[in-house]
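Structural overview
Spelled out from the first residue to the last, the chains are:
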Amino acid sequence: MRAAVFYGPHMPLRVEDAPVPELEAGEVLVQVAACGLCHTDLHYIDHGVPTVKPPPMILGHETSGTVVLTGPAAGAIKEGDRVLLPAILTCGRCPACRYGRENICQNMRMFGNDVDGAYAEYVKAPAKDIFVLPPEIPLVEGCIIADAVTTPYHAVKNRAEVRPGDSVVVFGCGGVGLNVVQFARLAGGIVIAVDIVEERLEWARRLGASLTVNPRQIEGSAARKIRQLTGGGADVALEAIGNPATIQEAFSSLHPGGRLVVVGYSDHEVAFNAGRIMYREMEIRGSLGCRPVDYPRVIELARIGRIQVVPLVTARFPLENINEGLDALRHSQGIRSVVVME
């Protein structure tokens, strides 16, 4: 099979022949239809964040495709099923899994990090972890549900706990942030979207933002503007960039008792005023991925059109051109790009 192989940081992926994965009991082989291009991959390629499985390995964790082979004990999954692969595989046995927080499983395995991912024609996966996609969701565009859609769902519903009428500010309107906007609006929030790119703010308005703020077009800070717009500060702020400066700005945009949810990844330290956290009973929460139990809910919301998925895929790259797709991601072109297998 053809695959885009990661050999180490600061090198382009090499598209070359690789062996088709061999199945073990309980696994299925999926012919990949599409795999989303994600900033997580750039952490490995551009910034030297180490993968658990050392290179060479195949990246890619946002996957849809068709089951072409099943191993022993594959359960109800059968050949021909159109499926979605979650970004994270959970063990189901550790304390986090046992008390319903599988997304922070202590033994988690991630496609394109712990195990080979799906920038390839085929990928194998445990049958117990995959989800059948209904015919209403196109296979190619549906791949982004695996991460760019489910991660925001978990952030909004389970970590931010947005309630009807809450003022919700979203910092960063890329592929993840725009879906934070969608789900916050669906939860009844009054959404303020913050970004420095006008095209993305227009997308945010289309997806339900009531107000938008471009920090480059206002006097003073975005936090100050948000406090003015909300009469003292937002109820909830979600940061979907992973920048220490915008994480601090998001925290400053909240009213006393407000809740900050950090969705974007950064390996840098972020300073907060401990006195304000204590005296104002501020909350700071992290958010990682999505629980398996929530995937069917998100898939159903996409199926019935309560959230948009297809329009968010603004570029498609054949596997042979994956490095062009990564360049587009680096330069923030479009909303969400995917690699398609032709």
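Residues numbered from 1 in each chain as written. Predicted model: local features only at pLDDT ≥ 70, side-chain atom pairs only at ≥ 80, totals over all residues. Heavy atoms only, no water.

**Let's talk about the overall build of the protein chain**
Note the following rule: Runs of H or I in DSSP of at least four residues are treated as helices and runs of E of at least two as strands, each being numbered from the N terminus. The size measure is the radius of gyration over C-alpha atoms, and the globule rule it meets is 2.2 Å times the number of residues to the 0.38 power. Only protein chains enter the accessibility calculation, which uses a 1.4 Å probe; a residue is then buried when its area is under 20% of its type maximum, exposed when over 50%, and partly exposed in between.
The number of helices and strands found in the protein chain is 11 helices and 18 strands. The C-alpha radius of gyration computed for the protein chain amounts to 20 Å, which stays within 12% of the reference 20 Å derived for 342 residues, consistent with globular compactness. Principal-axis analysis of the C-alpha atoms places the extent of the protein chain at approximately 60 × 40 × 35 Å. Evaluated residue by residue, the protein chain yields a buried proportion of 53% over its 342 residues.

**Section: helix α7 (residues 222-230)**
Test applied: Think of it as the arc spanned by the lines of direction from the helix axis to the C-beta atoms. Contacts were defined at the residue level, with two residues in contact if any of their heavy atoms lie within 4.5 Å.
Buried within α7 we find Ala-222, Ala-223 and Ile-226. The buried residues of α7 all sit within an arc of 100 degrees when viewed along its axis, so they share a single face. On its buried side, α7 packs onto β11 (167-171), β12 (190-194), β13 (211-213), β14 (234-239) and α8 (244-252). In the segment just after α7, Gly-231 is the residue with positive phi, at about 70 degrees.

**Regarding the sheet that holds strand β2 (residues 14-17)**
What counts is decided by this rule: The rule for pairing is simple: two strands pair if DSSP sees at least two bridges between them.
Taken in spatial order, the three strands make up an open sheet running β2-β1-β4, and their pairing is antiparallel. Since the sheet does not close on itself, it has two edges, and those belong to β2 and β4 (57-58), each with one partner. Note: strand β1 (residues 2-6) against β2, four bridges, orientation antiparallel. What sits directly across from Arg-2, in β2, is Asp-17.

**Digging into the sheet that holds strand β16 (residues 283-286)**
Applicable threshold: Think of each axis as a best-fit line through the C-alpha atoms, taken over the contacting stretch in the case of a helix, with angles from 0 to 180 degrees between the N-to-C directions.
Spatial ordering of the open sheet is given by β13-β12-β11-β14-β15-β16, a layout of six strands whose pairing is parallel. At either margin of the open sheet sits one strand with a lone partner, and together these are β13 and β16. Looking at each pair of strands side by side, their axes are set apart by 20 degrees on average, direction ignored. One ladder, built from five bridges, connects β14 with strand β15 (residues 254-262); its direction is parallel. Within the sheet, the bridge partner assigned to Leu-238 lies in β15 and is Val-261.

**Some thoughts on the side chain of Asp-294**
Quick reminder of the rule: Each polar contact in these results corresponds to two N or O atoms within 3.5 Å; when the atoms are within protein, one needs to be able to donate a hydrogen and the other to accept it, and residues that are neighboring in sequence are counted only if both atoms are side-chain atoms.
Tracing the backbone shows Asp-294 in the loop between β16 and α10 (295-303). Using a relative accessible area of 0% as the deciding quantity, one classes Asp-294 as buried. In this structure the side chain of Asp-294 is engaged in a polar contact, spanning 3.0 Å, whose partner is the side chain of Asn-158. If sequence neighbours within four positions are ignored, Asp-294 has contacts with Tyr-153 and Asn-158.

**Observations concerning α8**
An α-helical turn contains 3.6 residues, so a residue and the one three or four places further along point in the same direction. Of all the positions in α8, only Pro-244, Ile-247, Ala-250 and Phe-251 are classed as buried. The buried residues of α8 all sit within an arc of 120 degrees when viewed along its axis, so they share a single face. Contacts made by the buried residues of α8 are with β11, β14, β15, α9 (274-279) and β16. Its side-chain oxygen 2.8 Å from the backbone nitrogen of Ala-245, Asn-243 forms the N-cap of α8.

**Some details on the state of the cysteines**
Convention followed: Throughout, a disulfide means two cysteine sulfur atoms within 2.5 Å of one another.
Applying the stated rule across the entire model yields zero disulfides. Unpaired in terms of disulfides, Cys-35 finds its nearest cysteine sulfur in Cys-143, a separation of 6.5 Å. Free cysteine: Cys-173, not disulfide-bonded; nearest cysteine sulfur from Cys-38 at 17 Å.

**Side note on the packing of helix α1 (residues 39-47) against helix α11 (residues 322-330)**
Helices that pack against each other are described as a pair by the angle of their axes relative to one another and the distance between those axes. Quick reminder of the rule: Angle categories: roughly parallel below 35 degrees, roughly antiparallel above 145, roughly perpendicular from 65 to 115, and oblique for all the rest. Three classes are used: nonpolar for Ala, Val, Leu, Ile, Met, Phe, Trp, Tyr, Cys and Pro, charged for Asp, Glu, Lys and Arg, and polar for all others, with Gly counted as polar.
Closest axis-to-axis distance for the α1/α11 pair is 11 Å, and the angle between their directions is 100 degrees. When the interaxial angle is binned, α1 and α11 end up roughly perpendicular. Residues His-39, Leu-42, Ile-45 and Asp-46 of α1 pack against Leu-326, Leu-329 and Arg-330 of α11. By residue class, the composition of the contact of α1 with α11 is four nonpolar, one polar and two charged.

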